[in-house]
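Below, each chain spelled out in residue letters.
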Amino acid sequence: FSPKGGTAMFIRVTRVQSPPDKVQEAIQNFETKILPGVRKTPGNQGAVLLTNRQTGAGLGITYWESAKAMAASEQMGNQTRAQSAKDVPGTAVINVERGELMIMDRAAAPKAGSMVRAVTVNGDQEKLDAAVVQDLDASESKIAGPRAEAAKIAGAGPSDVQVEIFETAVVELSAVTAQATTKA
């Protein structure tokens, strides 16, 4: 569902890898050094940091009101990624992806300490819209079938689907973004 009643929202997702013993330092760095710059950037709708404390994997996600706002923020993004990798020894930026947020479904308002299951499907671009209609339930046993079906509709094979579990370490979303993405 579209977050602002029909208005698209865009995201930039930065995948990072830190040593597991540096995850708390990375969280503090995100809160004190990354968020202030993101907040000041025109068109920003918020940011979230997801972490896996066991593996050190992390996803820094910024939300943008338009593709134009996201594109205009690229210099800020480049600077914060470079600074973050420098500030937390052993941290590496693995990749950066950008896209339109097609589905964001939550049972409750986002909050730090909650867990997130991130499912990435790399399918046929022309078939992804058909996959978007799939509604996934909260538990793994209930979503395995629908996830497999969505992947099939999207033209993805079993090796094209990646499921990851992350803790929501930091959440800062605009009131509109947080409210629009919570189930009633």
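Keep in mind that this is a model prediction, so the values were computed, not measured.

### With respect to the overall build of the chain
Right, on to step 1. Regarding its fold elements, the chain presents six helices and six strands.
Right, on to step 2. For the chain, the N- to C-terminal ordering of α and β elements is β-α-β-β-α-α-β-β-α-α-β-α.
Right, on to step 3. Relative to its 184 residues, the chain shows a buried fraction of 39%.
Right, on to step 4. Long-range pairs, those at least 24 residues apart, make up 77% of the contacts in the chain with a sequence separation of at least 6.

### Thoughts on the pairing of strand β1 (residues 10–17)
Right, on to step 1. Counting buried residues in β1 gives seven out of eight residues, a clear majority hidden from the surface.
Right, on to step 2. Judged from the eight bridges that link them, β1 and strand β3 (residues 57–64) form a sheet pairing that is antiparallel. Bridge pairing links Ile-11 to Tyr-63 in β3.
Right, on to step 3. Alignment of β1 against strand β4 (residues 92–100), held across eight bridges, turns out to be antiparallel. Bridge pairing in β4 places Ile-11 opposite Gly-99.

### Points about helix α1 (residues 23–40)
Right, on to step 1. With 18 residues, α1 extends 25 Å from end C-alpha to end C-alpha; this agrees with the ideal 26 Å at 1.5 Å per step.
Right, on to step 2. Along its length, α1 reaches its greatest deviation from straightness, about 45°, at Ile-34, and the proline Pro-36 lies no more than four positions downstream.
Right, on to step 3. Buried within α1 are the following residues: Val-23, Ala-26, Ile-27, Asn-29, Phe-30, Ile-34, Leu-35 and Val-38.

### Some thoughts on the pattern of salt bridges
Right, on to step 1. In total, this model carries four salt bridges according to the counting rule given.
Right, on to step 2. With a shortest N-O distance of 2.8 Å, Glu-74 and Arg-12 are connected by a salt bridge. Here Glu-74, found in helix α3 (residues 74–87), pairs with Arg-12, found in strand β1; they are 62 residues apart in sequence, far enough to count as distant.
Right, on to step 3. Among the residues examined, Glu-74 registers a relative accessible area of 19% and is labelled buried.

### Details of the packing of α1 against α3
Right, on to step 1. As a packed pair, α1 and α3 sit with axes 10 Å apart at the nearest point and diverge in direction by 155°. Classed by the angle they form, the pair α1 and α3 counts as roughly antiparallel. Note that α1 runs across α3; the crossing there is right-handed. Here Glu-25, Asn-29, Lys-33, Ile-34, Gly-37 and Val-38 of α1 lie close against α3, whose contacting residues are Met-76, Thr-80, Ser-84 and Asp-87.
Right, on to step 2. Here the contact of α1 with α3 is composed, by residue class, of three nonpolar, four polar and three charged.

### A few points about the confidence of the model for the chain
Right, on to step 1. Of the residues in the chain, 74% have a pLDDT of 70 or more, and the chain-wide mean is 79.
Right, on to step 2. Confidence over residues 1–6 falls short of pLDDT 50; this stretch has 14 contacts with residues more than four positions distant or in other chains.

### Things to note about α3
An α-helical segment advances 3.6 residues per turn. Residues three or four places apart therefore align on the same side.
Right, on to step 1. A rise of 1.5 Å per residue sets the reference length of α3, with its 14 residues, at 20 Å; its end C-alpha atoms lie 20 Å apart and thus fit the reference within 8%.
Right, on to step 2. Taken residue by residue, α3 has Glu-74, Met-76, Gly-77, Thr-80, Arg-81, Ser-84 and Asp-87 as its buried positions. In a view along the axis of α3, the buried residues occupy a sector of 160°, so they form one face of it. In α3, the exposed positions that point more than 90 degrees away from the buried face belong to Gln-75, Ala-82 and Lys-86.
Right, on to step 3. Close packing links the buried residues of α3 with β1, α1, β3, α2 (67–72) and β4.

### Remarks on the pairing of β3
Right, on to step 1. When you tally the buried positions in β3, you get eight out of eight residues, the bulk of the element.
Right, on to step 2. By the alternation rule, side chains of β3 split into Ala-57, Leu-59, Ile-61 and Tyr-63 and Gly-58, Gly-60, Thr-62 and Trp-64, which are all buried.
Right, on to step 3. In terms of strand pairing, strand β2 (residues 44–51) meets β3 through seven bridges, oriented antiparallel. When the sheet's bridge partners are listed, Gly-46 is paired in β3 with Tyr-63.

Rules of the game
Residues numbered from 1 in each chain as written. Predicted model: local features only at pLDDT ≥ 70, side-chain atom pairs only at ≥ 80, totals over all residues. Heavy atoms only, no water. Helix = DSSP H or I, 4+ residues; strand = E, 2+ residues; numbered from the N terminus. Buried < 20%, exposed > 50% of the residue type's maximum accessible area, 1.4 Å probe, protein only. Contact = heavy atoms within 4.5 Å. Pairing = 2+ DSSP bridges. Expected span 1.5 Å × (residues − 1). Bend = angle between axes of the 7 residues up to and from the residue. Salt bridge = Lys/Arg side-chain N within 4 Å of Asp/Glu carboxyl O. Axes fitted to C-alpha atoms, helices over the stretch in contact; angles between N-to-C directions. Parallel < 35°, antiparallel > 145°, perpendicular 65-115°, else oblique. Left-handed = near helix turned anticlockwise from the far one by under 90°. Nonpolar A, V, L, I, M, F, W, Y, C, P; charged D, E, K, R; others polar. pLDDT = per-residue confidence, 0-100. Arc of directions from axis to C-beta.

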